[in-house]
Each structure stands twice: as C-alpha cells, then as structure tokens.
Amino acid sequence: MSQTELAQNQRQQIVDQLRMEIITGRFEEGMPLREVSLADRFQVSRAPIREALKQLAHEGMVESKPNCGMRVAPSSSDSMQELIIPLRQTVESFALKSIFADLSELDFEEWDLILSEMKTACESQDYASLAELDIKFHQSIIAKSPEQGLMSIWITLVSRLRRHFLEGFQKPLDPMKIYFEHVAIVAMFRSGKLEPSIQALVSNMD
C-alpha cells in the first residue's frame, strides 16, 4: 500500500470515529473540536485532522464559527427530521433490495455479532454504545450494496437525524426492546421473504 493510500485510510478512520461520536452524542452540539487535542488523541499530525474536519463539515456534522474554530453543528429541527426519516427508510429499503438475493452466512455472522454486542449494551444500560451499534447495523446494510454513492447519501441523512437517535436511546423505557427488534429483523432476513423484511426494517426507523 502506498503512502498516499495509507494517509487516506488513516483520515477515513478518523472521520468514521468522529462521525460516530457526534451522532451518538459523545460530542454534544456546540462542542469545540480542536485540531491539537484531536491530533494528540489519534497520535497523528494536524493535517489529517484538518482534512477529516473538512469532510465532516461537508456532511453537515461540524461547522466553522468565526474566531471559534470548528464546533459540532446543531442537528436538524423536528420538522426537518419528519422529512428525513422517510428518505432514510427509502434508501435502506433500496439497499436491502439490492443485496437480498445474495445474502450469505458471512452476512448473518456479521449481524449476529452486532446483535450479541447490542444485547450486552442493553443489559449494561450503555446507551451510547447501543446507539452506535444500531447505526452500525443499519450502515452494514448500506455497505453491502453494490450501488455507488448510496453510502454518502445515507451518511448525509443519518448525520441530520442525531436528535432522533439521541432521544430514542438516552431514555429507553426498555432497552431490551431495541435488541429484540433487531433480532426480529435479522430473523426476517433469514426467512428469505423480501417484502416482510423491508417492512421490518422500515418499522424500526419510525
């Protein structure tokens, strides 16, 4: 692997980690993101941090404030989320249709691992990890699709649903309900029935 490819992989790993921490509320709205401290944390120079923050700004995750540097951007309003949730459902349904006929045991092994980690997070009431695993599950469906550009569309939508995720996971009445919902989704995928599988997936995003 060339130095350029290594640098790109490094930057993408930083982007993925920061994005997840913003979506799950580990970094709250308005929190400053300082290049120096992030470079120390990831043990890199400031250049890949600067590039990572530029990408997150393009996605709407962070914003630049005059004399304040980069900060976590506010999430979308409730009315905007009413628009975005159906769009996310459409994108994930499209992705599932594109992969459904080719699902393999390797795919189900990946999901079973996520479910196992999700169960542990529910039992320990680790809501930040639970939110992260929920996102990881849905992202895995998008990642398996051969359709180019679908992931960037999905990330743009999910980045604007932060409030929806946080409200759903910070105070769940029964966290195990979230786990069992995902168990049911995977079980439906295993059944080989496409339309009920799409319905199970869509219902989970309401």
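Here we summarise the structure given alongside this text.

Cut-offs applied
- Residues numbered from 1 in each chain as written.
- Predicted model: local features only at pLDDT ≥ 70, side-chain atom pairs only at ≥ 80, totals over all residues.
- Heavy atoms only, no water.
- Salt bridge = Lys/Arg side-chain N within 4 Å of Asp/Glu carboxyl O.
- Helix = DSSP H or I, 4+ residues; strand = E, 2+ residues; numbered from the N terminus.
- Buried < 20%, exposed > 50% of the residue type's maximum accessible area, 1.4 Å probe, protein only.
- Contact = heavy atoms within 4.5 Å.
- Core = buried A, V, L, I, M, F, W, Y, C linked by side-chain atoms within 4.5 Å.

1. Some thoughts on the pattern of salt bridges
Per the stated rule, a full pass over the model turns up 13 salt bridges. Two residues, Glu 59 and Arg 19, come together in a salt bridge whose shortest N-O distance is 2.8 Å. Taken together, the positions of Glu 59 in the loop between helix H3 (46–58) and strand S1 (62–65) and Arg 19 in helix H1 (residues 3–23) put the pair 40 residues apart, joining distant regions of the chain. Here Glu 92 makes a salt bridge to Arg 88, at a shortest N to O gap of 2.8 Å. Placement of both Glu 92 and Arg 88 in helix H4 (residues 78–99) is noted, with a separation of four residues, approximately one turn of the helix. Here the two residues Glu 92 and Arg 88 agree in accessibility, since each one is buried. Connected through shared salt-bridge partners, Asp 16, Arg 19 and Glu 59 make up one network.

2. Quick look at the side chain of Ser 93
Within the secondary structure layout, Ser 93 lies in helix H4. Ignoring anything within four residues of it in the chain, the contact list for Ser 93 reads Ile 198 and Val 202.

3. Topic: the nonpolar core
Within the largest apolar cluster, 55 residues are counted, with the highest numbers of intra-cluster contacts made by Leu 33, Leu 96, Trp 111, Phe 137, Ile 141 and Phe 189. At seven residues, helix H5 (residues 105–123) tops the list of elements feeding residues into this core.

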